[in-house]
Amino acid sequence: MLRVNPRLRLMPILSLPSSHFHHFRFPNPSFLCSAWLPKTLPNISSSSSDNHKPILSLNNAATFNNVNLNPRFLSCSMPHKRLKVAVLLSGGVDSSVALRLLHAAGHSCTAFYLKIWFQEDFENYWTKCPWEEDMKYARAVCDQVDVPLEVVHLTDEYWNKVVSYIIEEYRSGRTPNPDVLCNTRIKFGAFMDAINNMVYDYIASGHYANVVHPSADQRNKDSILKLSKDMVKDQTYFLSHLSQFQLRRLIFPLGCIPKDEVRQLATKFDLPNKDRKDSQGICFLGKIRFSDFVARHIGEMEGIILEAETGDFLGKHRGFWFYTIGQRQGLRLPGGPWYVVEKDVKNNVVFVSRNYFSLDKRRRVFRVGSLKWFSGSPANNIGQLQCKVRHGPGFYNCSLKILPSENGSEDVGDVNLPEDDQGLAAGQFAAFYEGQTCIGSGVILESWDDQGFPVSSKALEIARMEDKSKLGKPVKIKAKPEIPEEKSVHTDNSNKSLIGS
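Worth saying up front: this structure is predicted, and the values here are computed from it rather than measured.

1. Examining the packing of aromatic side chains
Right, on to step 1. Inspection of the entire model under this criterion finds eight aromatic pairs.
Right, on to step 2. Arranged with centres 5.1 Å apart and planes meeting at 65°, the rings of F112 and F191 form a pair that is edge-to-face. Taken together, the positions of F112 in strand β5 (residues 108-115) and F191 in helix α4 (residues 178-194) put the pair 79 residues apart, joining distant regions of the chain.
Right, on to step 3. Exposure remark for F191: the relative accessible area of 0% places this residue in the buried category.
Right, on to step 4. Consider the rings of W373 and F432, whose centres lie 5.9 Å apart with planes at 40°: the pair is tilted. Of this pair, W373 sits in strand β15 (residues 365-373) while F432 is found in strand β19 (residues 429-434), placing the two residues 59 residues apart along the sequence. Comparing W373 with F432 shows no difference in burial state: the two are buried.
Right, on to step 5. Grouping aromatic residues by their ring pairs yields a cluster made of F112, F191 and Y200.

Here it is in structure tokens:
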């Protein structure tokens, strides 16, 4: 059995005392042995239009732990072994189905609910978070199969390792990714530390990804993170910054099942939350808009919006930290669509343009830092990789050149895309792939050359003005001539839902 060792993580967090746990009950469930299943995983298609087997196959089943189930649904649940598994349970459909699949595979499961941020002593501003409803569903799901449920309190860890980092990144003009940080530092970081004294073979969650572990006679080899069956829901991007130490302790039962069949399984299991909608909140912020979170913890400071090409004064904003490169929503400017193309952090100025998709103003070269690899650093020059610069089914072919560190600084990499993408935002992650395998990721850095959007010298000069009241009233914006908008499938900025209006 593997025992979690916190010393190997990048961000060490002290193991938590038993007071951090709330024990609902400790039944002693008996687990029936399931029939032997093939160890070979099904082929995973890289196409989102994959023709899945009809849902009727749900009933084409053998019996596993008193459940009639098609064996293919247990392909990512290691059914050929009997394991002790800690299951992260959120109260949502995905993690609930993951728990039931592991239980059907014959594993000894304990469910854990992470109660983070929204504690009783927070003021009513935060009561929109539905954690009480989440707990009700999580408890009901566990009761169905007599699985124990524990609550782990990680509020301080979440603040210190995620929230404070997010705030500082926004203050610096960058756009961090809360979901990546939650996975590396909380779900598979602080939580691993919290159960350090409990012996579990693996930790499981409802992520759409597939971890392939080495066989017993090849324990010296690394575990591999592969794409899930469902390319639209695939979450390897959010898992790409984990360490090998973390990865080798994880199971993702949903990695071999498309989302529509997960919903069908929820109905088959008659889960209490089978009709519950998927959460659209960010990490653990629940229903709270991210713009409200930013306003509360960073504040507001009035600044100006300038047209990047002309320097025209178009209006005012509440602070540059509310905006990310590529953002369209929330600008409230007529004659659009307008897009955020650059930010002057020092002078609190946001530059916008209606020519976001002009061929001469796109970007296909960027630099990444804070590189993390699952199996050691790749060769210095890699010409045939794929990468994601945001969550979603879209990939780019790319080349990556590793630049050796100087004077003890960390390595960085230059990334070249064959297509253009103007929505690259500093602070976001670029995840790299070799075929169906995610090999690691890095953080997108600020533009280090002239590859960013070309803001005019007039606009830059106006941005540096100390007394911007001299600008007078915003100019009257004329309607843009009707020109068909050219848009790549890759330019959908994943952060617009984070910022809101």
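2. Observations concerning the sheet that holds strand β11 (residues 303-307)
Right, on to step 1. Judged by pairing direction, the sheet is mixed, and its four strands sit side by side in the order β12-β11-β14-β13 without closing on themselves. The open sheet is flanked by β12 (313-317) and β13 (339-344), the only strands paired with a single partner. Mean inter-strand twist for the sheet, computed between neighbouring axes without regard to direction, equals 30°.
Right, on to step 2. Bridge analysis of β13 against strand β14 (residues 349-353) gives five bridges, and the strand direction is antiparallel.

3. What to know about helix α1 (residues 93-104)
Right, on to step 1. The end-to-end C-alpha distance of α1, which contains twelve residues, comes to 16 Å, matching closely the 16 Å that a straight helix rising 1.5 Å per residue would cover.
Right, on to step 2. Where burial is concerned, most of α1 is hidden: twelve out of the twelve residues are buried.
Right, on to step 3. Within α1, the full set of buried residues consists of V93, D94, S95, S96, V97, A98, L99, R100, L101, L102, H103 and A104.
Right, on to step 4. Positioned one or two residues after α1, G106 has a phi angle of 95°, which is positive.

4. What to know about the packing of helix α3 (residues 155-171) against α4
Right, on to step 1. At a minimum axis separation of 10 Å, α3 and α4 run at an interaxial angle of 165°. Considering the angle they form, α3 stands roughly antiparallel to α4. The two elements α3 and α4 cross, and the hand of that crossing is right-handed. On α4, the residues touching E157, Y158, K161, V162, Y165 and I166 of α3 are P178, L181, C182, R185, I186 and A190.
Right, on to step 2. Residues that form the contact of α3 with α4 fall into these classes: nine nonpolar, no polar and three charged.

5. Description of the pattern of salt bridges
Right, on to step 1. Under the criterion given, the structure shown has 14 salt bridges.
Right, on to step 2. Here E133 makes a salt bridge to R276, at a shortest N to O gap of 3.9 Å. You can see E133 sitting in helix α2 (residues 131-145) and its partner R276 sitting in the loop between α7 (259-268) and α8 (290-297), a full 143 residues away along the chain.
Right, on to step 3. As a salt-bridge pair, D234 and K388 come within 3.4 Å of each other at their nearest N and O atoms. On the criterion of sequence distance, the pair formed by D234 in the loop between β9 (224-226) and α5 (236-239) and K388 in strand β16 (residues 381-388) is long-range, its members being 154 residues apart. Residue D234 shares its accessibility class with K388, and that shared class is buried.
Right, on to step 4. Each member of the salt-bridge network shares a partner with another, and the members are D94, K259, R263 and D278.

6. Quick word on the environment of V455
Right, on to step 1. With respect to the secondary-structure elements, V455 resides in the loop between β20 (437-444) and α9 (457-463).
Right, on to step 2. Assessed through its relative accessible area of 17%, V455 is described here as buried.
Right, on to step 3. For the pair formed by V455 and S353, sequence separation is 102 residues and the distance between their alpha carbons is 9.5 Å.

Scoring rules and cut-offs
- Residues numbered from 1 in each chain as written.
- Predicted model: local features only at pLDDT ≥ 70, side-chain atom pairs only at ≥ 80, totals over all residues.
- Heavy atoms only, no water.
- Phe/Tyr/Trp six-rings, centres within 6.5 Å; stacked < 30°, edge-to-face > 60°.
- Helix = DSSP H or I, 4+ residues; strand = E, 2+ residues; numbered from the N terminus.
- Buried < 20%, exposed > 50% of the residue type's maximum accessible area, 1.4 Å probe, protein only.
- Pairing = 2+ DSSP bridges.
- Axes fitted to C-alpha atoms, helices over the stretch in contact; angles between N-to-C directions.
- Expected span 1.5 Å × (residues − 1).
- Parallel < 35°, antiparallel > 145°, perpendicular 65-115°, else oblique.
- Left-handed = near helix turned anticlockwise from the far one by under 90°.
- Contact = heavy atoms within 4.5 Å.
- Nonpolar A, V, L, I, M, F, W, Y, C, P; charged D, E, K, R; others polar.
- Salt bridge = Lys/Arg side-chain N within 4 Å of Asp/Glu carboxyl O.

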